[in-house]
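Summary of the model geometry
What follows is the residue order along each chain.
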Amino acid sequence: GPGSLGGAGAAGQVHNGADDNGSGTVPLLEMAEYFAEAQNRPRRSLLFLSFSGEELGLLGSLYYAEHPVVPLADSVAMVNLDMVGRCSKGSLEVGGVGTGTGLKEVVQAANARQGFEIRWDAQGEAPTDSTSFFRKKVPVLWLFTGLHDDYHRPGDDIEKVCFDDLQ
């Protein structure tokens, strides 16, 4: 359809979206299950949210930011995983680290075990759902492994997702 970047040859073909948006959605569900079953739960409440309509103008996240379940003033941060499934030779882009105190240090500590080479971006504005929260003064982090030739095309298939990097 009109959202495909595959040109006329992609018309009518399935666009599985394994990286965009599966690689962000699956870890969200995995983390929600982990924390729901955890013996030592965090002291803070965690909300696991998934939005639609990002490519149409952040529609789902904008709606939530205007009608939150919990007041946004009580939110410590919003962490957004969007297109994190493609191998980037051990690198990861992490944005929003300048939107809140200590965010870069939290990511560095979490990365100590993984060892990704991180490309830092201090900005909170990005073409992803975290922007809706940043505009409401909520600190954000967004993780991204980069664009690729299958972006919004039929070739965005599960066989191309780097599961080892997602662990």
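Right above here is the structure, for reference.
This section reports on the structure supplied with the text.

Before going further, it helps to examine the pattern of salt bridges. In the structure shown here, the tally under the stated rule is 6 salt bridges. In this structure, Glu66 engages Lys136 in a salt bridge whose closest nitrogen and oxygen atoms are separated by 2.7 Å. Pair noted here: Glu66 is in helix H2 (residues 59-66) and Lys136 is in the loop between helix H4 (130-134) and strand S4 (140-144), with a separation of 70 residues, a long-range link. The salt bridge partner of Asp150 is Arg86, with a shortest N-O separation of 3.0 Å. Here the residue Asp150 occupies a position in the loop between S4 and helix H5 (163-166), and Arg86 occupies one in the loop between strand S1 (78-81) and strand S2 (91-95), the gap between them amounting to 64 residues. Within this structure, Arg86, Asp150, Asp156 and Lys160 form a network of salt bridges that share partners.

What follows covers the sheet that holds S4. The sheet built from 4 strands is open, its strands ordered S1-S4-S2-S3 with mixed pairing. Every interior strand has two partners, whereas the edge strands, S1 and strand S3 (117-121), have only one. Within this sheet the neighbouring strands show an average axis-to-axis angle of 20°, counted without direction. Docked against the sheet, helix H3 (residues 103-114) engages S2, S3 and S4, running at close to 170° with respect to S3.

Side chains on a regular strand alternate between the two faces of the sheet. Most of S2 sits out of view: 5 of its 5 residues are buried. Residues Ser91, Glu93 and Gly95 line one face of S2 and the alternating positions Leu92 and Val94 line the opposite face, and both faces are buried. Relative to S3, S2 is paired through 5 bridges, and the arrangement is parallel. Residue Ser91 lies in a different strand from S3, and its bridge partner there is Glu117.

What follows covers the packing of aromatic side chains. Overall, the coordinates contain 5 aromatic pairs when judged by the stated rule. Considering the side-chain rings of Phe51 and Phe133, the 6.0 Å spacing of their centres and the 45° angle between planes classify their relative orientation as tilted. Here Phe51 is found in the loop between helix H1 (18-37) and H2, whereas its partner Phe133 is found in helix H4, with 82 residues between them in sequence. Taken together, the ring pairs in this structure connect Tyr34, Phe35 and Phe48 into an aromatic cluster.

In an α-helix, one full turn covers 3.6 residues, which means residues spaced three or four apart are oriented alike. For H1, built from 20 residues, the straight-helix expectation of 28 Å at 1.5 Å per residue is met to within 8% by its first-to-last C-alpha distance of 26 Å. Looking only at H1, the buried set comprises Ala18, Asp19, Asp20, Ser23, Gly24, Pro27 and Leu28.

Accessibility expressed as a relative area gives 12% for Arg86, which makes it buried. Within the structure, the side chain of Arg86 is placed 3.0 Å from the side chain of Asp150, a separation counted as a polar contact. Setting aside anything within four residues of it in sequence, one finds Arg86 in contact with Asp19, Thr145, His148, Asp150, Gly155, Asp156, Lys160 and Cys162.

The phi torsion at Met83 lies on the positive side, around 60°, for a residue other than glycine. Tracing the chain through its elements places Met83 in the loop between S1 and S2. Using a relative accessible area of 3% as the deciding quantity, one classes Met83 as buried. Even without a glycine there, the phi angle at Lys137 is positive, about 70°.

Calculation rules
Residues numbered from 1 in each chain as written. Predicted model: local features only at pLDDT ≥ 70, side-chain atom pairs only at ≥ 80, totals over all residues. Heavy atoms only, no water. Salt bridge = Lys/Arg side-chain N within 4 Å of Asp/Glu carboxyl O. Helix = DSSP H or I, 4+ residues; strand = E, 2+ residues; numbered from the N terminus. Pairing = 2+ DSSP bridges. Axes fitted to C-alpha atoms, helices over the stretch in contact; angles between N-to-C directions. Contact = heavy atoms within 4.5 Å. Buried < 20%, exposed > 50% of the residue type's maximum accessible area, 1.4 Å probe, protein only. Phe/Tyr/Trp six-rings, centres within 6.5 Å; stacked < 30°, edge-to-face > 60°. Expected span 1.5 Å × (residues − 1). Polar contact = N/O pair within 3.5 Å; in protein donor to acceptor, adjacent residues only side chain to side chain.

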